[in-house]
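Understanding the architecture of this molecule
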Amino acid sequence: MLELAWLIPIFPLIAYTLIIFLTKKSKSISVAVALAGIVASLVISIGVLVETIQKGITMAEPFEVAVKWLRLSAIDKYTGLNIDMGILIDPLSAVMMFVVTSIATLVIIYSVGYMHGDPGFSRYFAYMSLFAFSMLLLVIANNFFEMFFGWELVGLCSYLLIGFWFEKPSAAKAANKAFITNRWGDFGFMLGIILLYINFGTFNFGEISRIIGDGASGVGAAILTLISLLIFAGPMAKSAQFPLHVWLPDAMEGPTPVSSILHAATMVAAGVYLLARGFVLFNESTETLLFIAYIGGITAFIAASFALVQRDIKRILAYSTLSQLGYMVMVIGVGSITAGMFHLTTHAFFKCMLFLGAGSVIHAVHTQDIFEMGGLSKKMPITTWTFIIGALALAGIFPLSGFWSKDEILLATHQAGFTGLYWLATLVAGMTAFYMFRLIFIAFFGEKRTDHHAHESSPWMTVPLIILAFFAVFSGWGLVKMGYGSMVFFGHPHHGEINLGIALISTVFALGGIVLAWLIYYRKIVDTDLMKQRFRPIYNLLWNKLYIDEIYEWLFDKVMLGVAWLCNQCDRKVVDGIADGLGDTVRHTGGWMRFMQTGSLQNYALVIFGAIVIIVLLMATPVLGGVIR
Amino acid sequence: MNLSLLTLEIVVATLALFIFILGLVAPANQKRGIGYFTVLSLVVSLIIAIILHGESGTAFGTMYVVDPFSSYFKIAFLIAAVLVTMFSISYVNKLGYNQGEFFALTVLALLGMMIMSSAADFITFYLGLEMMTIPFIILTAFRYGDKASSEAGMKYMLLSAMSSAVLLYGLSILYGAAGSTLYSDVINVITGDNIDALTVIGLVFLLAGFGFKISMVPFHMWSPDIYQGAPTPVTAFLAIGSKAAALAAMIRMFMIALPETREVWMTLVIVLCAMTIVLGNFVAIPQTNIKRMLAYSSIAHAGYLLMGLVAFTNLGISAILYYVMIYVFANAGAFACVNEFGNMTGSDEIKDYTGMWKRSPLIASVMLLCLLSLGGIPPLAGFVGKFYLFTAIIDQGYIWLAFLGIGMSMVSVYYYLIVVKVMFLGKPVEETSVPVSLGAKTVMFVSAVASLFLGLYPAPLTDIATKVAQLFFPM
């Protein structure tokens, strides 16, 4: 199977090409093509995963194949440029590919029901296939450049999918926002890998870790910090870490299955995957690791606090994703890629399920405001129960998957000696349980608040939910039994064991959150409106997400467009102004320079000659022995 | 002297003269054929150029050089000329007069470019420059009934004359300092340790002249006005061919004749390069006319191209060569779209592109590919090109310049996306579809495929570029 691994990304690409060029007209064939492509990838990635475990392929000795893509030979002291396109199979990429393909398969099946009757039906499945291809390319890449290539493609696909319903102005705006915010991250990433290449002479992951391992890189600590910080800008944007998180909540404008795949297996997971993949580099700089850990911690906390007050079901889930990504980034920052990737895997399943559940609800009641729902548990039993399982997993209740991975995170943070971050993370665990059960008690229980005729969704949509629920329950325990810690690790293998004290504390916090939500939103022991009134300033601050979007909008509208306007004015008007002013002065003083009354042509000439005079003065004076030296 | 070295130039010159005559003798209802004939013969010339690309030697003493570098650029000019004439057929046909002149002048300008890329002597270079510029002036004012076109022609003529004066002045000063106009002599006389004020002034004048042609800030001001006013095919050829030719001549002159004076001109080039990138990208944002927007975008690209010269390495020059080629395709595609739309509606305003996806999916998708390529987004060729250039300058330690370049290319995505957004997301004002002529379709197809292919599999072209660039940095 291993030698077939290169086909994993190729199948969805073929599916995309076929749909776009041939089968677009027929909806059923397009679906079949997309499904066939992703299922083929799924089968191979299962094969690859099994073989990786059987053959005992480790992180240190991966399976790697590459072809030359670009070759520029080095000449004397000038570095050449050598770029490969290759595949790298180790436990990290094998597990990740399984997660991506399985979730993509389920989401595509679900989408058949969800997108039913949409005019862009075939186009949707084409984009989904392209999305899967880009993500798989990123995962299977054996060097930073190839990864960047997939990375950018993922960005492009997210643009297409978030703006899928481009008739809605808000969707178009959200797509632009996601794309442009991500470009800022890519900016750092690209600069980082170019610097990396120039210092190490290679993009290849294996070679870089060998060079660093030998301690013979000869690259200064400051440069390494610079490189790793620049590269971290990529995950900051793609995994939506504070302060580049603004695009993710808005990205909810896309169809719900898109949000689901975006949040669970592709896009946002890419950032965490990069951190794990390039960890050898980040590990070289204590400053960078510290920065990563704190950015993650801050994101986890503020996103959870935003989620406390949201009314839109998808936005609550979006902020919850942000918060969980913060966890993963934080724990990689404290030095455990095992915990980070473990949580990424379990989170992928239950978050995907939560989003699909939300989609099922939205499909039924045609609103996203949880206060307009209520009493859904009787009408939609499957959706409700899978949703509750997902929420319990997210809250980290024993023995669901989230419990195991969250515990790993807390344990790793505690063991690394970050006591402050540990308590922050524990508090976030409590907040998570609270906002999830706030959502459940309001939307699924209680009385109907508006007149909706909810009904259970079609099997296309409920079957994937049930399969995902299975994973949400068992994947945590299963992975611990499989010995995940001795497969995906950096440095020394990590044997997952439960620290009773930490497990107990986090469970107390989670249960506390659930009970509090039950008391407030089910038993209604306090009046929520009154609370809102009393804590108005805090509520407003959270509701408006600390006004970060507004600050960016201001920066963008006023500063960037302002600079653009200013440059434009300079280019077109200022010279006119100077010339006119000059002309006026001249006219007033004597009137002998009539020709200075200008049309624009003269101005252009003035600029040309003026510039030449200034440059000559600046440059020739030193040679002539003048003042400037 | 081996005249066979000049085969390509002779073919093209004969062609230009022949088209002039053809324009006079062809019956009125057959004039359309002139365009087809031009395209066909240019394709033949392109094939000849590709066959002959391995040749090298000197002609007219050492005034005229044929080498892989000049051949590479000649092929680029020919590709540009083929693409531009292909989509200008419908334009000129609609214009309805002087078809022969239009195509003959285009071919003459092409000849000028070829001479520029081969010139190894100040006077020969100047000859090529004027041979390219004068046809362009006439072509710019070709719609003489149209005020904008006439005004653009007038402006271009006067400003070109001024810039030529500056350039010629610079050349004569350098001649004064070196005592020869031949590059091979100049390099021996003007060396690093005898730089005097005269040389400095000469170099500044020279750079100003080149700066005008490649629209480098602050000598760029003519280009938005003239790009907007000129007939669209002429704008396209001006943006692609004229810029590439000036760049080719500039590289040869600075690398062969004046490398010793590098410390003098390098600082200036770096500063102006940075200014060009910043100003071009920022001012492109508020533009409402698509030709003006592309003009500023082409100013910004001049800045990116200069980065390769700043690097002054094999990598830098090969990056320029690669970038020039993809720039040709991306711009030809974009201008072909602008031309077809302008032909039908008479408008170049970005707001009129609203809902293009519904009116002409072909124009919308080709425009999308070309703009994304210009913006440097993978998997399109522009991405590889920018990566190549940035690597080249970071390699030489100009991290701040790369930082600026990458940052500004993020900004550029913004204004390209404005057009994309309007085309794909807006509701069309009119529902009528936009017809696309066969020539333009071909151009669009070729440019889109090339932009994709060179991005997905750049190795063949980069191999060639590296080999060509070795000319300046022999192993």
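From a predicted model like this one, the values you see are computed outputs, not experimental measurements.

Assigned secondary structure in chain B consists of 19 helices and 2 strands. In terms of overall size, chain B behaves like a compact globule, its C-alpha atoms giving a radius of gyration of 21 Å where 475 residues would be expected to give roughly 23 Å. Its C-alpha atoms give chain B principal-axis dimensions of roughly 70 × 55 × 40 Å. Put simply, chain B has 475 residues, and 69% of those count as buried.

A word on helix α15 (residues 361-375) of chain B. Residues and elements named next belong to chain B. In this model α15 runs 21 Å from its N-terminal to its C-terminal C-alpha over 15 residues, within 8% of the 21 Å that 1.5 Å per residue would give. Those residues of α15 lying buried are Ile 363, Ala 364, Val 366, Met 367, Cys 370, Leu 371, Leu 372, Ser 373, Leu 374 and Gly 375. One or two steps after α15, the chain reaches Gly 376, where phi turns positive at roughly 80°.

Here the focus is the domain arrangement of chain A. All names here are of chain A. Each domain of chain A was delimited in the assignment, giving domain 1 (2-543), domain 2 (546-597) and domain 3 (600-629). Considering only the surface of domain 1 that becomes buried against domain 2, Val 246, Phe 306 and Leu 541 emerge as the three largest contributors, covering 45% of it. Here domain 1 and domain 2 share 0 salt bridges between them. Elements represented by at least two residues in the side of domain 1 that touches domain 2 include exactly α6 (169-200), α13 (286-307) and α23 (536-543). The residue inventory of the side of domain 1 that touches domain 2, partitioned by class, reads 7 nonpolar, 2 polar and 2 charged.

With that out of the way, let us pick up the side chain of Ser122(A). Residues and elements named next belong to chain A. Following the sequence through the fold, Ser 122 ends up in helix α4 (residues 121-140). A residue is classified by how much of its surface remains accessible, and Ser 122, at 6% relative accessible area, is buried. Here Ser 30 takes part through its side chain, which lies 3.4 Å from a polar atom of the side chain of Ser 122. If we ignore the near neighbours within four places in the chain, the residues touching Ser 122 are Ile 19, Lys 24, Ser 26, Lys 27 and Ser 30.

In this structure the tally under the stated criterion is 13 salt bridges over all chains. Lys55(A) serves as the salt-bridge partner of Glu51(A), at 3.0 Å between the closest nitrogen and oxygen. Of this pair, Glu51(A) and Lys55(A) are both found in helix α2 (residues 27-55), 4 residues apart, which corresponds to roughly one turn of the helix. For Arg311(A), the salt bridge is made with Asp369(A), and the minimal N-O distance between the two is 3.3 Å. Taken as a pair, Arg311(A) in the loop between α13 and α14 (313-333) and Asp369(A) in the loop between α15 (337-365) and α16 (376-379) lie far apart in primary sequence, 58 residues in all. Among the charged side chains, a salt-bridge network with shared partners connects Glu151(B), Lys155(B), Asp225(B) and Arg292(B).

A word on the packing of aromatic side chains. Applying the stated criterion across every chain, the model contains 57 aromatic pairs over all chains. When the ring of Phe136(B) is compared with that of Phe237(B), the centres are 5.6 Å apart and the planes differ by 50°; the resulting orientation is tilted. In this pair, Phe136(B) is assigned in helix α5 (residues 122-140) and Phe237(B) in helix α10 (residues 232-257), connecting sequence segments 101 residues apart. Exposure remark for Phe136(B): the relative accessible area of 0% places this residue in the buried category. For Phe237(B), a relative accessible area of 2% puts it in the buried group. Connected via pairs of aromatic rings, a cluster forms that spans Phe145(A), Phe148(A), Phe149(A), Trp151(A), Phe189(A), Tyr197(A), Phe203(A), Phe383(B) and Phe387(B). Positioned over the ring face of Phe164(A) is Arg123(A), at 4.4 Å from the centre of the ring.

Reading the values: rules and limits
- Residues numbered from 1 in each chain as written.
- Chains lettered and ligands numbered in written order.
- Predicted model: local features only at pLDDT ≥ 70, side-chain atom pairs only at ≥ 80, totals over all residues.
- Heavy atoms only, no water.
- Helix = DSSP H or I, 4+ residues; strand = E, 2+ residues; numbered from the N terminus.
- Rg over C-alpha atoms; globule rule 2.2 N^0.38 Å.
- Buried < 20%, exposed > 50% of the residue type's maximum accessible area, 1.4 Å probe, protein only.
- Expected span 1.5 Å × (residues − 1).
- Domains from an automatic or database assignment.
- Buried area = accessible area lost by both parts, 1.4 Å probe.
- Salt bridge = Lys/Arg side-chain N within 4 Å of Asp/Glu carboxyl O.
- Nonpolar A, V, L, I, M, F, W, Y, C, P; charged D, E, K, R; others polar.
- Polar contact = N/O pair within 3.5 Å; in protein donor to acceptor, adjacent residues only side chain to side chain.
- Contact = heavy atoms within 4.5 Å.
- Phe/Tyr/Trp six-rings, centres within 6.5 Å; stacked < 30°, edge-to-face > 60°.
- Lys NZ or Arg CZ within 6 Å of the ring centre and 35° of its normal.

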